[in-house]
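# Overview (structure and organization)
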Amino acid sequence: MGKSSKDKRDAYYRLAKEQGWRARSAFKLLQLDEEFNLFEDVRRVVDLCAAPGSWSQVLSRKLAQNVPAGEAPTIVSLDLQPMAPLPGVTTLQLDITHPSTLPTVMHHLGGEPADLVVCDGAPDVTGLHDLDEYIQAQLLLAALTLATCVLRPGGTFVAKIFRGRDVGLLYAQLKVFFERVTCAKPRSSRGSSLEAFVVCENYTPPEGFTPTLEKPLSLPSGGSEGWIAPFIACGDLSQPDSDATYHLEGGAERVSLDPVQPPTAPPYKRAVEMRRQNLVQ
Ligand code: SAM
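The text that follows walks through the structure, step by step, so that each part is easy to find. (Residues numbered from 1 in each chain as written. Predicted model: local features only at pLDDT ≥ 70, side-chain atom pairs only at ≥ 80, totals over all residues. Heavy atoms only, no water.)

Between helix α3 (residues 26-36) and helix α4 (residues 54-63), the least distance of the axes is 8 Å, while the angle of their chain directions is 45°. Compared by their axis directions, α3 and α4 come out oblique. The two elements α3 and α4 cross, and the hand of that crossing is right-handed. Residues A26, L29, L30 and D33 of α3 touch α4, and the partners they reach there are S54, W55, V58, L59 and K62. Residues belonging to the contact of α3 with α4 are distributed by class as follows: six nonpolar, one polar and two charged. (Axes fitted to C-alpha atoms, helices over the stretch in contact; angles between N-to-C directions. Helix = DSSP H or I, 4+ residues; strand = E, 2+ residues; numbered from the N terminus. Parallel < 35°, antiparallel > 145°, perpendicular 65-115°, else oblique. Left-handed = near helix turned anticlockwise from the far one by under 90°. Contact = heavy atoms within 4.5 Å. Nonpolar A, V, L, I, M, F, W, Y, C, P; charged D, E, K, R; others polar.)

Printed below as a string of structure tokens:
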């Protein structure tokens, strides 16, 4: 991601670097936790679509308080992209929509269920809104399918969602599995974006439900009514507004920090290498 002057004036972008987070997304999970107390008694978590790893950093800092001294929480993080290692976190390069991913995740959980599954997954956007919305919904359903296979009863699932036209159908599908489903918008998520997060509490699969990847979950079809989830804006109002740009104090003296973790495999990597070779020759 290039550094535009707008990025530099985005308070969360700067705060992330100053506080050592790999991405500004860290604040979204922190603000969701302020509202929902997500990490209470959580020791085993799966972080889906985790690169570059700021949510995994938050998890590793927060969950360390939940285990006795000398023990470590179990954090399994996966993404299509390679992730630079994080202490105490198992990082895997995997596709959450692929059937072989579940057994690998279970293996790294040591066969024990997870207390919490989080997913901040976003596909590469095409700019075609209907297509983008459809692919995002499919990613969320893939995350939910995986969550139904690894979560313990009573567990929590948190996932990014885009509040598009058919979002009521997604809420309805989530409500089949969880007692409470809330749509939450952290202050660090830009108000101008359709992005929000579903916080699904108390995993209670329907009687007789057998979790499987054989029959992936799908949106209810044919005249389903959908369901409207309660909406909560979270994060202290005194915290920066993510749609505002802020005046940078210090003028020319101000130092722009480098990213905490440079991208490991950015799409422009080859172009940079080719340019370097041309310059060398
Ligand atoms: N939560 C992360 C953090 O705090 O650093 C940021 C996640 S980023 C917004 C979205 C991620 O979703 C990207 O890294 C992308 O590679 C990943 N992703 C998209 N589709 C995926 C898939 N099918 N399987 C695994 N990861 C996927």
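Let us keep going from here.
Enumeration according to the criterion identifies ten salt bridges in this entry. Among the salt bridges present, the one from E179 reaches R180, with a minimum N-O distance of 3.2 Å. The network of salt bridges with shared partners includes K28, D120, K160 and E195. (Salt bridge = Lys/Arg side-chain N within 4 Å of Asp/Glu carboxyl O.)

Another aspect to go through is unusual backbone geometry. Look at the link from A51 to P52: it is a cis peptide, with omega at 5°. Its location among the elements puts P52 in the loop between β1 (44-48) and α4. Positive phi values are uncommon outside glycine, yet N37 reaches one of about 50°. Along the chain, N37 turns up in the loop between α3 and β1. Judged by relative accessible area, which is 44%, N37 ranks as partly exposed. Its identity is not glycine, yet D41 carries a phi of approximately 60°, on the positive side. (Buried < 20%, exposed > 50% of the residue type's maximum accessible area, 1.4 Å probe, protein only.)

Each aromatic ring pair is specified by the distance between its two centres and by the angle formed by the two planes. For the coordinates displayed, the defined rule picks out five aromatic pairs. Arranged with centres 5.7 Å apart and planes meeting at 40°, the rings of W55 and F197 form a pair that is tilted. Linking W55 in helix α4 with F197 in strand β7 (residues 195-203), this pair joins segments that are 142 residues apart in sequence. Note on F197: relative accessible area 0%, which makes it buried. Centroid distance F178 to Y203: 5.4 Å. Interplanar angle 45°. Geometry classified as tilted. Placement of F178 in strand β6 (residues 178-186) and of Y203 in strand β7 is noted, with a sequence separation of 25 residues between them. The class of F178 is buried, set by a relative accessible area of 3%. You can call Y203 buried: its relative accessible area is 4%. Through pairs of rings, three or more aromatic residues link up here, namely F157, F178 and Y203. Its end group placed over the ring of W21, R61 keeps NZ or CZ at 3.9 Å from the ring centre. (Phe/Tyr/Trp six-rings, centres within 6.5 Å; stacked < 30°, edge-to-face > 60°. Lys NZ or Arg CZ within 6 Å of the ring centre and 35° of its normal.)

By the criterion of burial, α4 is predominantly enclosed, with seven of the ten residues buried. Looking only at α4, the buried set comprises S54, W55, S56, Q57, V58, L59 and L63. On the buried face of α4, the contacting elements are α3, β1, β2 (74-79), β4 (114-119) and β7.

Next up on the list: α3. Where burial is concerned, most of α3 is hidden: nine out of the eleven residues are buried. Among the structural elements, α2 (11-19), α4, β5 (151-162), β6, β7 and β8 (231-234) are those in contact with the buried residues of α3. Following α3 by one or two positions, N37 has its phi on the positive side, about 50°.

Examined against the element boundaries, S242 turns out to sit in the loop between β8 and α8 (269-280). A relative accessible area of 3% means that S242 is categorised as buried. Spatially, the C-alpha atoms of S242 and R187 are 6.6 Å apart, while their sequence positions differ by 55 residues. Those residues within four positions of S242 in sequence are excluded, and the remaining contacts are Y12, R24, R187, S188, S189, R190 and G191. Among the polar contacts made by the side chain of S242, one reaches the main-chain carbonyl oxygen of R187 at a distance of 2.7 Å. (Polar contact = N/O pair within 3.5 Å; in protein donor to acceptor, adjacent residues only side chain to side chain.)

All right, on to the sheet that holds β5 then. Spatially, eight strands are ordered β3-β2-β1-β4-β5-β7-β6-β8 in an open sheet, and the strand pairing comes out mixed. If you trace the sheet from one side to the other, it starts and ends with β3 (90-93) and β8, each paired once. Across the sheet, the mean angle from the axis of one strand to that of its neighbour is 20°, orientation sign disregarded. Pairing analysis gives four bridges linking β2 to β3, with the strands arranged parallel. Across the sheet, V76 pairs through a bridge with T90, a residue of β3. The strands touched by α4 are β1, β2, β4 and β7; relative to β1, the strand with the most contacts, the crossing angle is about 170°. (Pairing = 2+ DSSP bridges.)

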